[in-house]
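Architecture at a glance
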Amino acid sequence: MDRQKSAGGKSFDISKQEVWEAYERVKANKGAPGVDECSIEDFEKDLKNNLYRIWNRMSSGSYFPPPVRAVETPKAGGGTRILGVPTVADRIAQTVVARRLEAKVEPIFHPASYGYRPGRSALDAVAACRQRCWKTNWVVDLDIQKFFDSVPWDLVVKAVEANTDLAWVGLYVRRWLEAPLRLPDGTVQQRDRGTHQGSAVSPVLANLFLHYAFDAWMARTFPTITFERYVDDAVVHCVSKAQADMVARAIGNRMVQVGLRLHPDKTKIVYCKDGNRRGVHEHTAFTFLGYTFRARAARTRTGKVFTSFAPAISKEALKKISVTVRRWRLDRKTGRTLADLARWINPIVRGWMQYYGAFNRSALHRVLQRINTYLMRFLRNKFKRVRSFKKAKAGWQRVISQYPKAFAHWAWITAF
């Protein structure tokens, strides 16, 4: 392999500053320890030597990643997903490569690609999807089956090498793709395809692969058809059922060509039925990035009610939030103060409000009201003098009038 000699005699020209900046990004993202059980705090106990070791090995071509720790997480729709957690040192090394690669490929990416890109977010994708559902009647709701477990290595490496002349970028990408997975029972699983979901380099690899496999192919094959893609989650907009059928078949064939497969049950054609669109279809709703799009009551600026096709938080996301709120057991935390509880839950609740409240925020009110119910029970359990409902209600009114901004969600709802 042709290697670039650095000024310091190293095989590859990687600066110590790059490694330092990668460490700062990894630290900001936090994250769990890998197979070595070394946390970020542990890593920082010998920070200078640990960072030097990463730089020295990467620069000389002798860096080999350790196995990736497998962690099972529940899926919103049921079942579990395996996340791969690299060690802290490996996340830093991956971030060095990811940043170099991102700088090269970001300018070529399609404007309809929203996942893990600077200045773009999932909410931007939801907003674009909402606008296009108003303009076109049909949607192909795509589900690529086990994308992160199935993506073929040879095509990933080919896409990487087409976008960089740095030999070390391709070299380390191959090594990370081939890194084995250590399962919870301690066994090590070798792999022959896929990229670890949860690793620092996976997002840019996934985006780059799907740029060629999907985005650029769509732009060539169906230049007038719009879509939104957030990594492996995509929605395609069509003007008729016949067009949607044709596009869905073509995309299915394209996925087979690149070593993937559309999920036969989860991929579906949806009619964006609202108050003006007539006719019936098997599917009239779909979920994208935690939002369910379906017919909903809406109001014009003049107050007139009509039926729109619009997004709101999905049932799955609501259920997940409800489970989290119940597990907090706020009503039993009588050893804490209200201020303690606010400091604990406000960052989490504020995140829910900012994301799921961006569209049709009233759909969040019921679960926010449930938090208030637990807080009311907390007051009644903590203070004997307000155990009667009448006194507790009066005490609640005093608290929200004196401290109206104590809890983030009180900006929207104070009822219980």
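Being a predicted model, the structure only gives us computed values, none of them experimental.

Secondary structure summary: the chain contains 14 helices and 11 strands in total. Buried positions account for 46% of the 416 residues belonging to the chain. For the chain, restricting intrachain contacts to residue pairs at least 6 apart in sequence, the fraction spanning at least 24 positions comes to 68%. Carbon and sulfur atoms make up 50% of the accessible area of the chain, which amounts to about 21,500 Å² in all. Across the chain, the 71 positively charged side chains and the 36 negatively charged ones have centroids separated by 12 Å.

Let us look at the packing of aromatic side chains. For any two aromatic rings, the description comes down to two numbers: the centre-to-centre distance and the angle of the planes. Under the counting rule described, the total for this entry stands at 22 aromatic pairs. Between Trp20 and Tyr23, the aromatic rings sit 5.1 Å apart at their centres with planes inclined by 50 degrees, giving tilted as the arrangement. Placement of both Trp20 and Tyr23 in helix 1 (residues 16-29) is noted, with a separation of 3 residues, approximately one turn of the helix. For Tyr23, a relative accessible area of 6% corresponds to the buried category. An aromatic cluster is defined as three or more aromatic residues linked by ring pairs; in this entry it consists of Phe12, Tyr63, Tyr172 and Trp176. Taking NZ or CZ as reference, Arg120 lies 5.1 Å from the ring centre of Tyr114, over its face. For Arg175, the ring lying beneath its charged end belongs to Phe64, and the centroid distance is 3.7 Å.

Looking now at the sheet that holds strand 2 (residues 80-85). What the 4 strands build is an open sheet, ordered 2-1-4-5; its pairing is mixed. The two strands at the open ends of the sheet, each matched to only one other strand, are strand 2 and strand 5 (188-189). Relative to strand 5, strand 4 (residues 181-182) runs antiparallel, the two sharing 2 bridges. Opposite Arg182, over in strand 5, you have Val188 as the bridge partner.

This paragraph deals with helix 12 (residues 338-356). At 3.6 residues per turn, the α-helix brings residues three or four places apart onto the same side. With 19 residues, helix 12 extends 25 Å from end C-alpha to end C-alpha; this agrees with the ideal 27 Å at 1.5 Å per step. Of all the bends found along helix 12, the most pronounced is centred on Ile345 and spans about 45 degrees, while Pro347, a proline, follows it within four residues. Inspection of helix 12 places Leu341, Ala342, Ile345, Asn346, Val349, Trp352, Met353 and Tyr356 among the buried residues, and these make up the whole buried set. Buried residues along helix 12 sit in contact with strand 10 (291-299), strand 11 (305-313), helix 11 (315-328) and helix 13 (365-382).

Another aspect to go through is the nonpolar core. Core analysis: the largest hydrophobic core is formed by 123 residues, its most contacted members being Ile92, Phe214, Val236, Ile251 and Phe286. By residue number, the principal contributor to this core is helix 9 (residues 202-221), which donates 10 residues. Look past the residues within four positions of Phe286 in its chain and what remains in contact with it is Cys129, Cys133, Val139, Asp141, Val235, Lys268, Val270, Tyr291, Thr292, Phe293 and Phe309.

Strand order in this open sheet of 4 strands is 6-7-3-8, and the pairing throughout is antiparallel. Unpaired on one side and paired on the other, strand 6 (227-230) and strand 8 (268-271) mark the two borders of the sheet. Here the strands of the sheet are splayed against their neighbours by 15 degrees on average, with no regard to which way each runs. Pairing analysis gives 4 bridges linking strand 6 to strand 7 (residues 233-238), with the strands arranged antiparallel. Bridging across to strand 7, Glu228 finds its partner in Val235. Taken strand by strand, helix 5 (residues 122-135) contacts strand 3 (138-143), strand 6 and strand 7, and its axis lies near 160 degrees from that of strand 6.

Moving on: the pattern of salt bridges. Tallied over the entire structure, the rule returns 14 salt bridges. Here Glu44 ties to Lys27 by a salt bridge, and the two come within 3.2 Å at their closest N and O atoms. You can see Glu44 sitting in helix 2 (residues 40-44) and its partner Lys27 sitting in helix 1, a full 17 residues away along the chain. We classify Lys27 as partly exposed; its relative accessible area is 42%. Arg343 serves as the salt-bridge partner of Asp340, at 2.6 Å between the closest nitrogen and oxygen. Taken as a pair, Asp340 and Arg343 lie in helix 12 at a separation of 3 residues, close to a single helical turn.

A few words on the side chain of Arg175. Its location among the elements puts Arg175 in helix 8 (residues 167-178). Here Arg175 is buried and forms no salt bridge, its nearest opposite-charge partner Glu178 lying at an N-O distance of 6.9 Å.

This brings us to the packing of helix 13 against helix 14 (residues 389-402). Remark: helix 13 packs on helix 14, axes separated minimally by 10 Å, with the N-to-C direction vectors making an angle of 115 degrees. Taken together, the axis directions place helix 13 and helix 14 in an arrangement best described as roughly perpendicular. Seen along the crossing, helix 13 lies across helix 14 with a hand that is right-handed. Contacts between helix 13 and helix 14 involve Asn372, Leu375, Met376, Leu379 and Arg380 from the former and Phe389, Ala392, Lys393 and Trp396 from the latter. Each residue belonging to the contact of helix 13 with helix 14 can be placed in one class, and the counts come to 6 nonpolar, 1 polar and 2 charged.

Moving on: the state of the cysteines. In a disulfide, the sulfur atoms of two cysteines are held together by a covalent bond. Under the definition given, this model contains 0 disulfides. Cys272 takes part in no disulfide bond, and the closest cysteine sulfur to it belongs to Cys133, at a distance of 4.0 Å.

On to unusual backbone geometry. The phi angle at Lys30 is positive, at roughly 60 degrees, despite the residue not being glycine. Within the element layout of this structure, Lys30 appears in the loop between helix 1 and helix 2. Non-glycine residue Leu289 carries a positive phi angle of around 55 degrees. Position of Leu289 among the secondary structure elements: in the loop between strand 9 (286-288) and strand 10. The class of Leu289 is buried, set by a relative accessible area of 15%.

Quick notes on the rules
- Residues numbered from 1 in each chain as written.
- Predicted model: local features only at pLDDT ≥ 70, side-chain atom pairs only at ≥ 80, totals over all residues.
- Heavy atoms only, no water.
- Helix = DSSP H or I, 4+ residues; strand = E, 2+ residues; numbered from the N terminus.
- Buried < 20%, exposed > 50% of the residue type's maximum accessible area, 1.4 Å probe, protein only.
- Contact = heavy atoms within 4.5 Å.
- Areas by Shrake-Rupley, 256 points an atom, 1.4 Å probe, with all protein chains shown as cover.
- Lys, Arg positive; Asp, Glu negative; His and termini not counted.
- Charge placed at Lys NZ, Arg CZ, Asp CG, Glu CD.
- Phe/Tyr/Trp six-rings, centres within 6.5 Å; stacked < 30°, edge-to-face > 60°.
- Lys NZ or Arg CZ within 6 Å of the ring centre and 35° of its normal.
- Pairing = 2+ DSSP bridges.
- Expected span 1.5 Å × (residues − 1).
- Bend = angle between axes of the 7 residues up to and from the residue.
- Core = buried A, V, L, I, M, F, W, Y, C linked by side-chain atoms within 4.5 Å.
- Axes fitted to C-alpha atoms, helices over the stretch in contact; angles between N-to-C directions.
- Salt bridge = Lys/Arg side-chain N within 4 Å of Asp/Glu carboxyl O.
- Parallel < 35°, antiparallel > 145°, perpendicular 65-115°, else oblique.
- Left-handed = near helix turned anticlockwise from the far one by under 90°.
- Nonpolar A, V, L, I, M, F, W, Y, C, P; charged D, E, K, R; others polar.
- Disulfide = S-S within 2.5 Å.

In short, geometric facts, not functional conclusions.
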